[in-house]
Amino acid sequence: MSAATFAAPLLAAILLLSGASVPAAAQGLPGLGGGPNPVEVNADQAIEWHQDVRAYVARGNASAKRNDSTVFADVLTAYYREVPGKGNEVFQLLAEGNVRIVSPTQEVFGERGVYDVDKQVAVVTGRNLKMVTRTDIVTARDTLEYYEAKNLTVARGDAVAVRIANGDRLRADILIGQLKKMPDGSSQMERIDGAGSVVVTTATDVALSDKLVYSVADETAVLLGNVKITRNDNQLNGEAAEMNMRTKVNRVIAGPATGGRVMGLLVPGQEPGAPGAASASAQPGAKPAPKP
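Attention in this report is confined to the structure presented alongside it. (Residues numbered from 1 in each chain as written. Predicted model: local features only at pLDDT ≥ 70, side-chain atom pairs only at ≥ 80, totals over all residues. Heavy atoms only, no water.)

## Digging into unusual backbone geometry
Spelled out, the test is: Counting from the N terminus, the helices are the DSSP runs of H or I reaching at least four residues and the strands are the DSSP runs of E reaching at least two. Exposure is judged per residue with a 1.4 Å probe applied to protein chains only, and the accessible area is read against the type maximum: over 50% gives exposed, under 20% gives buried, and values in between give partly exposed.
Although it is not a glycine, glutamine 120 adopts a positive phi angle of roughly 55°. Among the secondary structure elements, glutamine 120 is positioned in the loop between strand 6 (106-116) and strand 7 (121-125). The class for glutamine 120 is partly exposed, based on a relative accessible area of 29%. Phi at asparagine 151 takes a positive value of approximately 55°, unusual for a residue other than glycine.

Next comes the structure, spelled out in C-alpha cells:
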C-alpha cells in the first residue's frame, strides 16, 4: 500500500458548498457567501431555493466545482440554518444518485454522500463503493468515511485496499487510515489498522490474522492473533508476525497462545517461491521455524 491509499480528504469535493461564495449560476441564493473562492454549480434541470425546508437544491446531472475538485450527483442539496447576526449557514451537504467525487489525486464513487459540517464527518454509502487513487484502489461494502477533525479515514464492511502496481492487498472487516497533516496543508497516510478477518496477500504469500497494523513508510504489516502465513503448501502459525511487503521477508513470532512455539508445515520437494524468511522470536522454548 502507498501513502495515497485512503488519501484524505475522502469527501473534499462535498465541502465545496460549505461557506462557498455565490457562483454565477446561483445568484440570488443567500447563505452561500463567505469563502474566498467561488463555486460553480451546474444542473440539467434546475437550481432551487426551498425556503420552507431551508435548502438549496441542484437537480439533474448536477455538479459543484471549486478550485480543482468537483462533486457530481443526480441531486445536490445544501441545508442551512439562520444564525443571528451572521445570516445563513450551511450545516449539512447531501449528494444523491450516481455520486462521483473527483480531485487531482483521487475519485470516489457511491450512491449517496453526506457531510455533517458541525461534526466534520463525511460518509459515502451505496453499492459499488470505491475510491481510486494514482496507485491504489479501495473498496468497501458498507461505508467510506472521513473524520476531518481526527485525520481518520475508514472503509467499513469487507474493506479491501489494493496496490495497482503489484496487486498486494490488505483486507479486513474494517480498515482505518491515520493521516498526518503536512506543512503545505496536504495529508499523508502514516498507518493503516485492520480489524476482523484480516487477509494480507502478496505475489508469494497469503496471511490471515485477527488484527493488522500497517506502517506506510516501512511497507511493513504487523499481524496479531491467530496468525497463519502460507506460501504454496508451506504454512507457518504463530501469535504474531511481521510481513515486509518490500523485501518479502516474513517473521512469525511465538507467544503464550501458541505454547511459546512457532508451528510450521514444510512440504518436501516444493519450491518455496520468491526470497523470504521466517523465524520464531527469541522466547524460551521457541525453535527456529522453517523458511516458507
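Still more ground to cover, so stick around.
## Things to note about the pairing of strand 11 (residues 152-163)
Short version of the rule: One bridge is not enough; two strands pair if DSSP finds at least two bridges between them.
For strand 11, the buried fraction is high: nine of the 12 residues fall into the buried class. With four bridges joining them, strand 9 (residues 136-140) and strand 11 adopt antiparallel strand pairing. In the strand pairing of strand 11, threonine 139 is matched with valine 160. Bridge analysis of strand 10 (residues 143-147) against strand 11 gives five bridges, and the strand direction is antiparallel. By the bridge assignment for strand 11, leucine 144 is matched with alanine 155. Hairpin connection between strand 10 and strand 11: a loop of four residues separates the two successive antiparallel strands, and asparagine 151 in this loop has a positive phi of roughly 55°. With nine bridges connecting them, strand 11 and strand 12 (residues 169-181) associate as antiparallel partners. Among the inter-strand pairings, leucine 152 is bridged to a residue of strand 12, identified as glutamine 178. Hairpin connection of strand 11 to strand 12: five residues between the antiparallel strands, including glycine 167 at a positive phi of 80°.

## Quick look at the pattern of salt bridges
To keep it simple, the criterion reads: We define a salt bridge as a contact between a side-chain nitrogen of Lys or Arg and a carboxyl oxygen of Asp or Glu at a distance within 4 Å.
Summed over the entire model, instances satisfying the criterion amount to 13 salt bridges. In this structure, arginine 81 engages glutamate 89 in a salt bridge whose closest nitrogen and oxygen atoms are separated by 3.0 Å. Two residues, glutamate 111 and arginine 127, come together in a salt bridge whose shortest N-O distance is 3.1 Å. Of this pair, glutamate 111 sits in strand 6 while arginine 127 sits in the loop between strand 7 and strand 8 (129-133); the two residues are 16 residues apart in sequence, bridging distant segments of the chain. A single salt-bridge network, built from bridges that share partners, covers Arg81, Glu89 and Asp118.

## Considering the pairing of strand 6
Note: strand 5 (residues 87-102) against strand 6, nine bridges, orientation antiparallel. Bridging from a neighbouring strand, valine 102 pairs with glutamate 107 of strand 6. The hairpin formed by strand 5 and strand 6 contains three residues between the paired strands. In this structure, strand 6 lies alongside strand 8, joined through four bridges in antiparallel fashion. Following the sheet pairing, phenylalanine 109 is matched in strand 8 by lysine 130. From the end of strand 6 to the start of strand 7, which pair antiparallel, there are four residues, and glutamine 120 there has a positive phi angle of about 55°.

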